[in-house]
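Spelled out, the chains give:
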Amino acid sequence: MKDRLKELELLLECDIEYTTEQSATRRSNHTVFPVDGYHFIVIGRKLSSTESKLVRYWLEKNITNESAIILEEGGYLQLSKLQRFPLNLWRVAFKENREDVLAILQSTFTKDVILEVSQNAFVILVSESPVTPAEVLSIIESEALTSIHIITGERVNQPEELHKAYLQLNQLNDLAKSLKQHSRVIRFEDLRFPMLLQSILRSQGKQTPNIINDSELEQTALVFFDHNLNITETAQALFIHRNTLIYRLNKLETMTGYDIRKFNDAISFYLSYLMHKMNKEIV
Amino acid sequence: MAKVSLVNINKIYENGFHAVKGINLEIQDKEFMVLVGPSGCGKTTSLRMIAGLEGISSGEMIIGDQVVNEVAPKDRNIAMVFQNYALYPHMSVYDNMAFGLKLQKTPKDEIKERIDKAAKILDIEQLLTRKPKQLSGGQRQRVALGRAIVRKPEVFLMDEPLSNLDAKLRVQMRAELIKLHNSLETTFVYVTHDQTEAMTMGTRICVMNDGIIQQVADPKTIYNHPANMFVAGFIGAPQMNFFRGKVEAAGDGYVVNIDGTTLPLNQASGAKAKAKDKLGKELVIGVRPENVRMSDSGAGLKVKVEVTELLGSDLNVYFVLNGKHFIAKEDANKEIAFNQDLVVSFDPEKIHLFDPETEQSIL
């Protein structure tokens, strides 16, 4: 306990005494916490309610590093010098060159907290990013010469949401995989709709609409959605003639009954497609 | 300086997707090799495998004389420039260029020497004290190139580095990159989906599709002698027209027959078709828009004009033949009207012939 007190002293920036004296409970202008039946810790100033919660949490949880802020449910209480909200969590996972990656992140996110969540991943509490995730990716890959993946989460408005937001990053990663999105940058904004659907499916049980069993048509439909149902752009992206694209869309309509050139059919098909994919994942 | 060899390289992702299918490519020392193809063709994956950012499923990657399959990216002596060329926003241009060298623990004097030299090459000496937000798009791109140059790599790897620039700046930077390649005398491997970039910048071009190399050759050869219909259609704007027809002997020479209309074909092409036993058989006849001749009368295919596009120096004429759409490039001064009936013929020396089954050139 005495070793750990140093951590708490640094956290609260004041002297802390570990004592058995019963008189400790009667000291004025101090805050006293019972540790067990015999010991007390005496903090050399009055604490705010958040700081008091933090100390109780610290006593219960044996927190050893800063990353508990997001790794544990009540870990946010460690954030005594809390940064600005709202913020976003960015998870940066890398293969090697940890020191270089950290140096780059510290130089880019000069005002944000960077937490180490594993040997190969940092989470950044980004309040206002000067660069986009894709730019961070290219800086790290070109400067630290290591492959990386970035997941950016939903907006976090208050400290209590931090742990949930951290768990959501893993969910986003799994969801992107199940939807065959292999981008090195995965953003909550792009998966907002599938996330919502996933939670509905999980709460309501499973249906399995058998939508499509043709990888070429599946890819065509996804690229068509990516290009906002624009025939010309989709044909260009797939490097096929627009007539070939129209032929494939007609074929999709014959197979599924959805003419995804029409907005309502596109929505219905996309929903069914997502449900199909997610049911597979849930099963 | 180094050459780069890809020997039977495969990349298969965890989900089974076969992104690169047994490619073989030798990039010569000091060469400017452009990998070009549509999105998803495997060009970026190939570049990332050269860098070591992507693992190799099978095959051998050789840089210089060393097999680098198991060599970490930072030990491959390469430098990368990406499309999203972000700079450290809080640092000066000098510090941005120095950052990578500091990570490598390069001595201060050497850092300064390398940055001064790179700044001179890129003509950004006067910008070294500025912050990124005080730079224009083109200047920022130069700084990003500077960051790569100061590493003194044996191979530069560039992944669509000009894609984020506007059209005018892109043309300007294209010329800058060619100059840079000439002055650095280093191997460049450059990925793009833009066939104009490929044609204008590459010493050689490697056209890829569906994880397979379609053709590797210098720009002229790629344009004039495409190996297959994919290359023929991908390289060149507007894209090559493809007609269905036959090659037939006619007297001492040869003709192409499209829907009963015959047009002359040069002797050499006809002879090759004959040697490959393709006379009288269904073929795909490829003609670039600039090799289509349009006239009011005479022998040829009777077509109807659909749309015309005046581009200043050229006039693109879209026409319909048997319900199919084609395009011709004409002189801008030619008067051609919407719905006009015209006769189309081809330059006999510039007709391409492809096997409709294999889509390979038979010339």
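Residue numbers restart at each chain and count upward from 1, following the sequence in its written direction. The lettering of chains begins at A and the numbering of ligands begins at 1, in the order of writing. Per-residue local features of the predicted model are confined to residues with pLDDT of at least 70, and side-chain atom pairs are confined, for both listing and counting, to 80 or more; whole-chain, interface and lining totals are unaffected and use all residues. In computing side-chain properties, one takes all heavy atoms of the structure into account and sets aside hydrogens as well as water.

Novice: So what exactly am I meant to see when it comes to the sheet that holds strand β4 (residues 87–94) of chain A here?
Specialist: Think of a sheet as strands paired side by side through backbone hydrogen bonds, with each pair either parallel or antiparallel. All names here are of chain A. Taken together, 5 strands build an open sheet; the order of strands is β5-β6-β4-β7-β8 and the sheet is mixed. Every other strand in the sheet has two partners, leaving β5 (113–118) and β8 (185–187) as the edge strands with one partner each. For this sheet the average axis-to-axis angle between neighbouring strands, irrespective of direction, equals 20°. Both β4 and strand β6 (residues 121–126) contribute to a ladder of 6 bridges, which runs antiparallel. Residue pairing across strands places Trp90 opposite Ile124, the latter belonging to β6. Strands are labelled as partners when DSSP assigns at least two bridges between them. Helix numbering and strand numbering both begin at the N terminus, where a helix is a DSSP run of H or I of at least 4 residues and a strand a DSSP run of E of at least 2. Angles run from 0 to 180 degrees between N-to-C directions of axes, and those axes are lines fitted to C-alpha atoms, restricted for helices to the stretch in contact.

Novice: In this structure, what is going on with empty space enclosed by the protein? I would like to understand it.
Specialist: Regions of empty space are outlined by a rolling probe, equal in size to a water molecule, passed over the atoms. As defined here, a cavity is a set of points on a 1 Å grid over the protein atoms alone where a 1.4 Å probe fits but cannot get out. A pocket is an open set with protein on both sides within 12 Å along at least five of seven lines, and residues line them when an atom is within 4 Å of a point. Grid points are joined across faces, edges and corners, and a volume is the space filled by probe spheres set on the points. Tallied over the full model, the rule gives 1 cavity of 30 Å³ or more. One number sums up the size of the largest cavity: a volume of about 110 Å³. Forming the boundary of the largest cavity are 15 residues, of which Ser142 of chain A together with Met80, Val81, Ala144 and Arg147 of chain B lie nearest the centre. Mapped onto the lining of the largest cavity, the elements with two or more residues apiece are α5 (133–143) of chain A together with β6 (78–81) and α4 (137–149) of chain B.

Novice: Explain unusual backbone geometry here, please?
Specialist: Only a minority of non-glycine residues have a phi that is not negative, and only a minority of peptide bonds are not trans. Residue and element names in this part refer to chain B. Cis geometry is found at the peptide bond from Ala237 to Pro238, where omega equals -5°. Relative to the assigned elements, Pro238 resides in the loop between α8 (229–234) and β11 (241–250). Here Lys30, not a glycine, exhibits a phi torsion of approximately 70°, which is positive. Examined against the element boundaries, Lys30 turns out to sit in the loop between β2 (18–27) and β3 (32–36).

Novice: Is there a simple way to think about the packing of aromatic side chains in this case?
Specialist: Any two aromatic rings considered together are summarised by their centre-to-centre distance and by the angle between their planes. Residue and element names in this part refer to chain B. Two aromatic rings, drawn from Phe, Tyr or Trp (for Trp, its six-membered ring), form a pair once their centres lie within 6.5 Å of each other, and the interplanar angle then sorts them: stacked below 30 degrees, edge-to-face above 60, tilted otherwise. As enumerated under the stated definition, the model contains 17 aromatic pairs over all chains in all. Their ring planes at 45° and their centres at 5.2 Å tell us that Phe32 and Phe188 sit as a pair that is tilted. Of this pair, Phe32 sits in strand β3 while Phe188 sits in strand β8 (residues 187–192); the two residues are 156 residues apart in sequence, bridging distant segments of the chain. Here Phe32 and Phe188 have matching classes, each one buried. With a centroid separation of 5.0 Å and 45° between ring planes, the pair formed by Phe156 and Phe188 is classed as tilted. Here's how the labels work: a residue is buried when its accessible area is under 20% of the maximum for its type, exposed when over 50%, partly exposed in between, all with a 1.4 Å probe on protein chains only.

Novice: Mind showing me how you'd approach the domain arrangement of chain B here?
Specialist: Reports of interface size often rely on the accessible area that becomes lost once the parts have come together. Residue and element names in this part refer to chain B. Under the domain assignment used here, chain B contains domain 1 (4–234) and domain 2 (241–354). Segmentation into domains, and thus their bounds, comes from an automatic or database assignment. Taken over C-alpha atoms, the centre of domain 1 sits 39 Å from the centre of domain 2. Note on contacts: a residue pair is in contact if any heavy atoms of the two residues lie within 4.5 Å. Taken together, the contact between domain 1 and domain 2 spans 8 residues of the former and 6 residues of the latter. At the boundary of domain 1 with domain 2, total buried surface from both sides reaches about 640 Å², with 63% on carbon and sulfur atoms. Put simply, buried area is how much 1.4 Å-probe accessible surface two parts lose in total, over both of them, once they are put together. Of all residues in domain 1, Tyr223, Met229 and Ala232 bury the most surface against domain 2, accounting for 73% of the area lost on that side. Here, a salt bridge means any side-chain nitrogen of Lys or Arg that lies within 4 Å of a carboxyl oxygen of Asp or Glu. Taken together, the links from domain 1 to domain 2 amount to 0 salt bridges. Polar contacts, as used here, are pairs of N or O atoms within 3.5 Å; protein pairs need one atom able to donate a hydrogen and one able to accept it. Residues neighboring in sequence count only if both atoms are side-chain atoms. There are 3 residue pairs in polar contact (both at pLDDT 80 or more) connecting domain 1 and domain 2. In the side of domain 1 that touches domain 2, the residues fall into 5 nonpolar, 3 polar and no charged. We call Asp, Glu, Lys and Arg charged. Ala, Val, Leu, Ile, Met, Phe, Trp, Tyr, Cys and Pro are nonpolar, and the rest, Gly among them, are polar.

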